[in-house]
Amino acid sequence: MSLPFDDELEQEQDSGCQNCPIVTFKIKDSVYGVSTAQVQGMLEMPEIRPVPHAPSCVRGLINLRGEVLPVVDLRVRLGLPSKRNEAREFSQMMKAREEDHLKWLAELEASVQEDRPFTLATDPHQCAFGRWYDSFRTGDHVAMAMVQRFDAPHRKIHAVAAQVAERVAAGDHKGARQIIERTRDRELAKMKSLFESLVQHYGEGSREQAIILEAPGFTYAVAVDSIESVEYLDDQSEQESPQSMGNADVMAVVGLGRRAGSQQVIQLLTAGSITEGVDILELV
């Protein structure tokens, strides 16, 4: 499926522009750009067929209107986890934090039944999820709002330990168990629902888009997180070899630009710089 920017792209290519606008796109929290002169199209990522023994940054091949093209995963090329792996790791981490709280309530219940001290964290900031929650930052405003919804039920779960201790001290073990069961049915159930929603959001966000680039002698697709726009940049300048992401082992960007009317820096790439040192011609 083509993207709405394709109409703008065709107009610029038909005009034979010399100072072409830039297709801007996101990789994680950074914005990159490539000249429309090298872009042949943009679309939602189609099904990718893996290729044995391909370079680590080459995901495989796609069939685009009868033409077989290799796909370069730009995240991997930049030394980052692929978007699919990142979403899978996030899902596993969320599942582990959910299990932590299931076990936390189970241990609280066992401490009541066995009449022994409860020794797990009662401070919501000190459990593994609480530490993650306090440090979580993202440019994804939807995800940030979803995470903030954990705060109330998470605090209430940890506050239950003190309430249960009071009931036990008063000899009301039945009342202590009722508090635990009520918390399991309410706050913990709410936490589980939030975990599922957040994992689903990240899973849906792992869907990539493809930019079709024309390098000297071949055409290929590059997988990006999301395509932002086709736009003219201010203050474009070539750089000698600034290292992207601060890692000397990854591709160097070829220049920098600023978004018109903004101070936001766009790291500029070319179809050739993305594949420099990567042998993909023999894959097709």
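Our structure is the block above this text.
Cut-offs applied
- Residues numbered from 1 in each chain as written.
- Predicted model: local features only at pLDDT ≥ 70, side-chain atom pairs only at ≥ 80, totals over all residues.
- Heavy atoms only, no water.
- Pairing = 2+ DSSP bridges.
- Helix = DSSP H or I, 4+ residues; strand = E, 2+ residues; numbered from the N terminus.
- Axes fitted to C-alpha atoms, helices over the stretch in contact; angles between N-to-C directions.
- Parallel < 35°, antiparallel > 145°, perpendicular 65-115°, else oblique.
- Contact = heavy atoms within 4.5 Å.
- Nonpolar A, V, L, I, M, F, W, Y, C, P; charged D, E, K, R; others polar.
- Phe/Tyr/Trp six-rings, centres within 6.5 Å; stacked < 30°, edge-to-face > 60°.
- Buried < 20%, exposed > 50% of the residue type's maximum accessible area, 1.4 Å probe, protein only.
- Core = buried A, V, L, I, M, F, W, Y, C linked by side-chain atoms within 4.5 Å.

### Notes on the sheet that holds strand β6 (residues 209-215)
Pairing in this open sheet of five strands is mixed, and the strands run β3-β6-β7-β5-β4 from one edge to the other. Single-partner strands in this sheet number two, and they are β3 (39-44) and β4 (58-64). With strand direction ignored, the average angle separating the axes of adjacent strands in the sheet is 30°. Bridging between β6 and strand β7 (residues 218-224) involves seven bridges; their strand directions are antiparallel. Following the sheet pairing, A215 is matched in β7 by F218.

### Quick notes on the packing of helix α3 (residues 83-113) against helix α6 (residues 151-169)
Between α3 and α6, the least distance of the axes is 11 Å, while the angle of their chain directions is 5°. By the angle between their directions, the pair α3 and α6 is classed as roughly parallel. For the pair α3 and α6, contact is made by H101, W104, L108 and V112 and by H154, I157, H158, V160, A161, V164 and V168, respectively. Its residues placed into classes, the contact of α3 with α6 shows eight nonpolar, three polar and no charged.

### So, the pairing of strand β2 (residues 30-35)
In this sheet, β2 lies alongside strand β1 (residues 22-27) in antiparallel orientation, the contact comprising six bridges. The residue bridging F25 from the neighbouring strand is Y32, located in β2. Bridging between β2 and strand β11 (residues 265-269) involves three bridges; their strand directions are parallel. Along β11, the bridge assignment pairs Y32 with Q267.

### A few points about the packing of aromatic side chains
Counted according to the given criterion, the structure contains eleven aromatic pairs. Seen from their ring centres, F90 and Y202 are 4.0 Å apart, and the 20° between their planes marks the pair as stacked. Of this pair, F90 sits in helix α3 while Y202 sits in helix α7 (residues 173-205); the two residues are 112 residues apart in sequence, bridging distant segments of the chain. Assigned by exposure class, F90 and Y202 land together as buried. Chaining the aromatic ring pairs together yields one cluster made of F90, F129, W132, Y133, F136, F150, F195 and Y202.

### Quick notes on the environment of A215
Locating A215 in the fold gives a position in strand β6. Relative accessible area serves as the criterion here: at 6%, A215 is assigned to the buried category. Residues A215 and G272, spaced 57 residues apart in sequence, show a C-alpha to C-alpha distance of 5.5 Å. With residues up to four places along the chain from it excluded, the contact list for A215 reads Y220 and A271.

### With respect to the nonpolar core
With 29 residues, the main nonpolar core has W104, L108, F129, W132, F150, V164 and L198 as its most contacted residues. Of all the elements in the fold, those that place two or more residues in this core are α3, α4 (128-135), α5 (141-148), α6 and α7. Broken down by element, this core gets its largest block of residues, nine residues, from α7. Setting aside its immediate chain neighbours within four residues, F129 contacts R97, H101, F150, H154, M191 and F195. Listed in part, the 28 residues of the second largest apolar core include I27, I211, I227 and V253.

Keep in mind these numbers describe shape, not what the thing actually does.
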